[in-house]
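Each chain, letter by letter, is given below.
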4 protein chains.
Amino acid sequence: MEPVQWPHAAQCAVQFTFDFDAETNWISRDPKNLKHPGTLSQGTYGAKVGVPKVLELLREEGLKATFFVPGWVAEHRTERVEQILAAGHEVGHHGYLHKWVDPDCPEEELEEMERGLEALQSKVGVRPVGYRSPAGETSPNIIRLLVERGFLYDSSLMDDINPYRHVLPDGRCGPVELPWHWSLDDAPFMLSSIKVHRPIFTNDHIFEIWAEEFREIYRWGGLFTLVMHPQAIGRPSRLALLRRFIAYTRTFPNVWYANAQEVAQAWLDQKGPGDVAPQAISPFLV
Amino acid sequence: MEPVQWPHAAQCAVQFTFDFDAETNWISRDPKNLKHPGTLSQGTYGAKVGVPKVLELLREEGLKATFFVPGWVAEHRTERVEQILAAGHEVGHHGYLHKWVDPDCPEEELEEMERGLEALQSKVGVRPVGYRSPAGETSPNIIRLLVERGFLYDSSLMDDINPYRHVLPDGRCGPVELPWHWSLDDAPFMLSSIKVHRPIFTNDHIFEIWAEEFREIYRWGGLFTLVMHPQAIGRPSRLALLRRFIAYTRTFPNVWYANAQEVAQAWLDQKGPGDVAPQAISPFLV
Amino acid sequence: MEPVQWPHAAQCAVQFTFDFDAETNWISRDPKNLKHPGTLSQGTYGAKVGVPKVLELLREEGLKATFFVPGWVAEHRTERVEQILAAGHEVGHHGYLHKWVDPDCPEEELEEMERGLEALQSKVGVRPVGYRSPAGETSPNIIRLLVERGFLYDSSLMDDINPYRHVLPDGRCGPVELPWHWSLDDAPFMLSSIKVHRPIFTNDHIFEIWAEEFREIYRWGGLFTLVMHPQAIGRPSRLALLRRFIAYTRTFPNVWYANAQEVAQAWLDQKGPGDVAPQAISPFLV
Amino acid sequence: MEPVQWPHAAQCAVQFTFDFDAETNWISRDPKNLKHPGTLSQGTYGAKVGVPKVLELLREEGLKATFFVPGWVAEHRTERVEQILAAGHEVGHHGYLHKWVDPDCPEEELEEMERGLEALQSKVGVRPVGYRSPAGETSPNIIRLLVERGFLYDSSLMDDINPYRHVLPDGRCGPVELPWHWSLDDAPFMLSSIKVHRPIFTNDHIFEIWAEEFREIYRWGGLFTLVMHPQAIGRPSRLALLRRFIAYTRTFPNVWYANAQEVAQAWLDQKGPGDVAPQAISPFLV
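A brief report on the enclosed structure follows. The structure displayed is predicted, hence computed values, not measured ones. Think of each chain on its own: its residues are numbered from 1, step by step along the sequence as written. Chains and ligands are labelled sequentially in the order written, the chains with letters from A and the ligands with numbers from 1. Reporting of local features is limited, given that this is a predicted model, to residues whose pLDDT is at least 70; pairs of side-chain atoms are given and counted only at 80 or more, and all residues count toward the totals for whole chains, interfaces and linings. Values shown for side chains rest on all heavy atoms present in the structure; no hydrogens or waters enter the calculation.

What follows deals with the interface of chain A and chain D. Between two residues, a contact is recorded if the distance between any of their heavy atoms is within 4.5 Å. Each partner contributes residues to the interface: chain A has 44 residues there, and chain D has 35 residues. The salt bridge definition used is simple: a Lys or Arg side-chain nitrogen within 4 Å of an Asp or Glu carboxyl oxygen. At the boundary of chain A with chain D, the tally comes to 6 salt bridges. Its salt-bridge partner being A:D104, residue D:K35 comes within 2.5 Å of it at the nearest N-O pair. Distance and chemistry together define a polar contact, namely a pair of N or O atoms within 3.5 Å, with one atom able to donate a hydrogen and the other to accept it when in protein, and with adjacent residues in sequence counting only for side-chain atoms on both sides. Our count for the chain A to chain D interface comes out at 13 residue pairs in polar contact (both at pLDDT 80 or more). Looking at the side of chain A that touches chain D, the elements with two or more residues in it are α6 (140-148), α7 (187-190) and α8 (203-220) of chain A. Comment: elements are numbered from the N terminus, with helices defined as DSSP H or I runs of at least four residues and strands as E runs of at least two. A total of 9 residues in the side of chain A that touches chain D trace back to one element, the largest contributor, which is α8(A). Across the side of chain A that touches chain D, the residue classes break down as 24 nonpolar, 9 polar and 11 charged. Lys, Arg, Asp and Glu make up the charged group, whereas Ala, Val, Leu, Ile, Met, Phe, Trp, Tyr, Cys and Pro make up the nonpolar group; the residues left over, Gly among them, are polar.

Below is the structure:
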């Protein structure tokens, strides 16, 4: 695996991404949660407290990030999404209601895609260039929808450290993939609920996992993608973890901090149109 | 987020709360547990050993706390609730049988509310001013019931660090909300059973999570709510954890230790009737 | 809670107990496991390797322990149970097939009790004086069966630190209860399977939990019951944990190491027939 | 338990084994995952990145390992399996689609066995001498199939530290068993998914568990079997864990590093045809 040629001759790229799911994280798992204000309030925290505090932290740290926002959140938390944009961050597509659509229901996939685009456009004037599927539950059809809509990048898969380019079975080139991984997500370590008893881990535990993964990806010259949720990382002590982690990455020389759009574009630019050997991921997909 | 103006110009408020569920914690999940003395005995421990040892600790530490007590526990563990009251602690409402009522059954919600009130009144002479729903599983109807019964505060939601005031869709003002969070609860770290395999964590693990959250909430000037269960925190080593944690908070100057009623009242007093901008939580609730 | 008056004016009592479930741990959960040698082999390890290595450790440490043995194991692993007895350890009743019997099937409870007694008697000549229910899943009827069969003690419940005496609703006195707790069991920390994904914890993690609980129970003057399984604690590194833990307890002066029968008898002797105030546990049991 | 007489008078044997499941790990659990590229991409990582990086590490460390490869993977990831073979590693049988076959469907078991053999033969020219069942879910019939096909060894069970020899109920001698254990597998510590919420542990946590188990097995003179998955151990930080662990084992004198075939053969040679007392495992199997 050859290192990517990052801008500024950087040794590695770091992108901080936030899935601003708010209440959709809970409604999408079980619509009945609409009648459960206790469960729902975990998502509300992300909108009320999490996003403002994350924005404050990013401003103080001088970092630009990417927020993936479901259409429903753009409609119901419009002011928060406007603040995100006003602070200079990127807003990407994250479905409409954060649904894990059955891949046998392409019409529902289409609806989530279109309603999400519509809400972002009409509410906050954004035409997103990037997409992240909820919890990585995507489908061949969704990837086709992204190609047809000209998305620059997708950030839903876990099959690489470096970006690569999608290609459809019919040969059409698609978006750049910016891979993630569960171990670089905040939710598995702290997003517990009465139905999903995920153990709650310490900052030291999470820091060790993120820091060791960063150290090695740095050494490989790859892309480090951190996936966070304002309702999780926005808790007081978890913001302190994020600050500590950012400080750690700054002890490494030559790191390029960028948002997802910049990473995808830089990767495309570096490769050059002729160099790009697109990869058909999971050719066994039916 | 502006810091709250706490009494005595304190930097932050700390409330120690105990959900004295005893056997109801197990009966409410599965009534068949009434025929399982092994499972049930975990709750019995809270009544037999946990509460007396917690009361001893609070007396030695000179702290006043709030105990949320299901009506069934007031009926079957009357002496223990009397001891709690005799020691000067507050007793709040915690349902009748610790049920997670289906929000589509308002008549059952009403019954849990009324039977709980009745039991506390008739058995230990308490008219509670505060309510905490079992495991945060509340509903819009329950919040309405609280408003109509003039409760001073609710402590069931997770959408903030600071207190705020509820308001009904029709504009009626409701109780002050005193938020909590799973990471500041003892159960996720130690309350395991043969059916719910929650991993059991060390005191160091739990201390780190509570201490880091406390440090940051202190810095923000917010409210720190610890949610404990005598059947969990009442184990010998867990009481040692609680002592250690209390000692840690005492290394911070200017902390206001109060029970839930005092916190809610202080927050109301500070705001003044005219200042209070009540928040309609989760306006999407149906 | 007053400290128990232990023999030799000891400050606390320690009993090491082993549930020698072998394959029954897996067959009882799902009889289909009889066709799954992979799953079953975890239990076989307890018989092939675990018990001999545990016996070796106990001999080297000069400790006498109690092994609770299902009747099925006495029948199929007779030689191992004979070795346990030959080494001077106590053998207690642990059901016949380690079943969690539905409390609505008293005839099945009776059968587990009788077949267990019969197997222990006919195979290894033991009439046990103690009983531990599988995974603490007992019932009022089982406790009644123990009373009627004159068992000296039961070790199935979690509602105390100290021993106490059972009494039936009709006033008949029953066995002494020797309580245990999940946090002092090895299984929750290491007994994982493909169906039950219990996380696997480090020796340091388990040592901290056991050691802090021991330190406090010692201070209280209570009974410390460790519950282990040869198929779990018998792994090479886990035996090292047990040795380390034993060494830790030996840094405390005045600890009384005893098997369960000795503990129960000492508690009865200390109380004197007149002193014993038997407790009706869980009077809400139906 | 007497120590094994390892070649070169070694104190213990160490085998590094890799289950190269790729996408079959996810398809076998739920065929619908064929329509879930997000879930599937976790397995793809093993093929795209994991295996090449593992091969690089093994080359740099000068170690020969065993890769258990499902037939499906040999068909769809042929080039990767060829690279494994070209680097001098052993390839073993791992079923066809990594299925956990119902032991009541012997014809399906036969099909998995035969299709796996066929794929390995036709795609990469391998006639494997060893077999490992997916997740240890094997059956008496599968063990019979191994005997009839003359397999040298099986590595699916957990009932010992040392190798032993299988024997069928009818007295026929079977393969040598090379036992493993969940605590010496990478998956329980890091292979999480949206449906199976396994907590993700730190390198320190995993290192401690592996290192303590190694230290004791070394002392016992047994066989240390590490079970890894390229999609798990192949993550950047996890490869660093593996390097750290290898370095740790090298601080012990007199360790024999071998692949599974060499271990099985050495154990047979050491015993001599006359010495071998084959064991009927789990004689209760139906």
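A separate point is the packing of helix α8 (residues 203-220) of chain D against helix α10 (residues 236-249) of chain D. All names here are of chain D. Note on method: axes are straight lines fitted to C-alpha atoms, helices fitted across the in-contact stretch only, with angles between N-to-C directions ranging 0 to 180 degrees. Packing of α8 against α10 leaves a shortest axis separation of 10 Å and a crossing angle of 25°. What the angle tells us is that α8 and α10 run roughly parallel. α8 and α10 meet at a crossing whose hand is right-handed. Here N203, D204, I206, F207, W210, A211, F214 and R215 of α8 lie close against α10, whose contacting residues are S237, R238, L241, R244, F245, Y248 and T249. The class makeup of the residues in the contact of α8 with α10 is 8 nonpolar, 3 polar and 4 charged. Reported orientations rely on four angle classes, namely roughly parallel under 35 degrees, roughly antiparallel over 145, roughly perpendicular from 65 to 115, and oblique for the rest. By definition, any crossing whose near helix is turned counterclockwise from its far helix by less than a right angle is left-handed, and any crossing with a clockwise turn is right-handed.

What follows covers the interface of chain A and chain B. Contacts between the two partners involve 35 residues from chain A, matched on the other side by 44 residues from chain B. Taking both partners together, chain A and chain B bury about 3500 Å²; carbon and sulfur atoms supply 63% of that area. Throughout, the accessible surface (probe 1.4 Å) given up by two parts as they are put together, summed over both, is called the buried area. When the area that chain A buries against chain B is broken down by residue, the three leading residues are A:I194, A:I200 and A:R235, summing to 19%. For the interface between chain A and chain B, the tally reads 6 salt bridges. Of the charged contacts in the structure, one is a salt bridge between B:D160 and A:K48, with a shortest N-O distance of 3.4 Å. In this structure, the connection of chain A to chain B is made through 13 residue pairs in polar contact (both at pLDDT 80 or more). The set of elements that each furnish at least two residues to the side of chain A that touches chain B consists of α2 (37-61), α3 (71-76), α8 and α10 (236-249) of chain A. Element by element, the count of residues in the side of chain A that touches chain B is highest for α2(A), at 11 residues. Taken together, the residues that form the side of chain A that touches chain B break down as 13 nonpolar, 14 polar and 8 charged.

Core analysis: the largest hydrophobic core is formed by 274 residues, its most contacted members being A:F16, B:F16, C:F16 and D:F16. Residues in contact with C:F16, not counting those within four places in the same chain, are C:L63, C:A65, C:T66, C:L226, C:M228, C:L242, C:F245, C:I246, C:Y257 and C:A258. Put simply, a nonpolar core is a bunch of buried Ala, Val, Leu, Ile, Met, Phe, Trp, Tyr and Cys residues held in one set by side-chain atoms that sit within 4.5 Å of each other. Between buried and exposed lies partly exposed: a residue is buried under 20% and exposed over 50% of the maximum accessible area for its type, with that area taken using a 1.4 Å probe on protein chains only.

As a further point, take the relation of the copies chain A and chain B. We superpose the copies by least squares over the C-alpha atoms of residues that have a pLDDT of at least 70 in both of them. For the match of chain A to chain B, the screw axis carries a shift of 0.0 Å, the RMSD comes to 0.0 Å, and the turn is 90°. Taken together, the rotation angle and the small translation identify this as a four-fold axis. Using C-alpha coordinates, one finds that chain A approaches the rotation axis most closely at A:P199, a distance of 4.9 Å. The two copies present different faces, since only 6% of the interface residues in chain A are matched by interface residues at the equivalent positions in chain B.

Right, let's talk about the arrangement of the chains for a bit. Considering only C-alpha positions, the minimal separation of the non-contacting chain A and chain C is 10 Å. The two units chain B and chain D remain apart, with a minimum C-alpha distance of 10 Å.

Residue and element names in this part refer to chain A. Assignment of secondary structure puts N259 in the loop between β9 (255-257) and α11 (260-271). Look at N259 and you get buried, because its relative accessible area is 9%. Beyond its immediate sequence surroundings of up to four residues, N259 is in contact with Q15, K64, A65, T66 and E90.

Turning to the packing of aromatic side chains, a few remarks are in order. Note on aromatic contacts: the rings of Phe and Tyr and the six-membered ring of Trp form a pair at centre separations within 6.5 Å, being stacked when their planes are under 30 degrees apart, edge-to-face when over 60 apart, and tilted otherwise. According to the stated counting rule, one finds 80 aromatic pairs over all chains in the structure shown. Aromatic side chains B:F18 and B:F67 sit 4.9 Å apart centroid to centroid with 20° between the ring planes, which places their arrangement in the stacked category. Placement of B:F18 in strand β1 (residues 12-19) and of B:F67 in strand β2 (residues 66-69) is noted, with a sequence separation of 49 residues between them. You can call B:F67 buried: its relative accessible area is 0%. Ring centres of D:W6 and D:W256 lie 6.2 Å apart, and the angle between their planes is 40°; this geometry places the pair in the tilted category.

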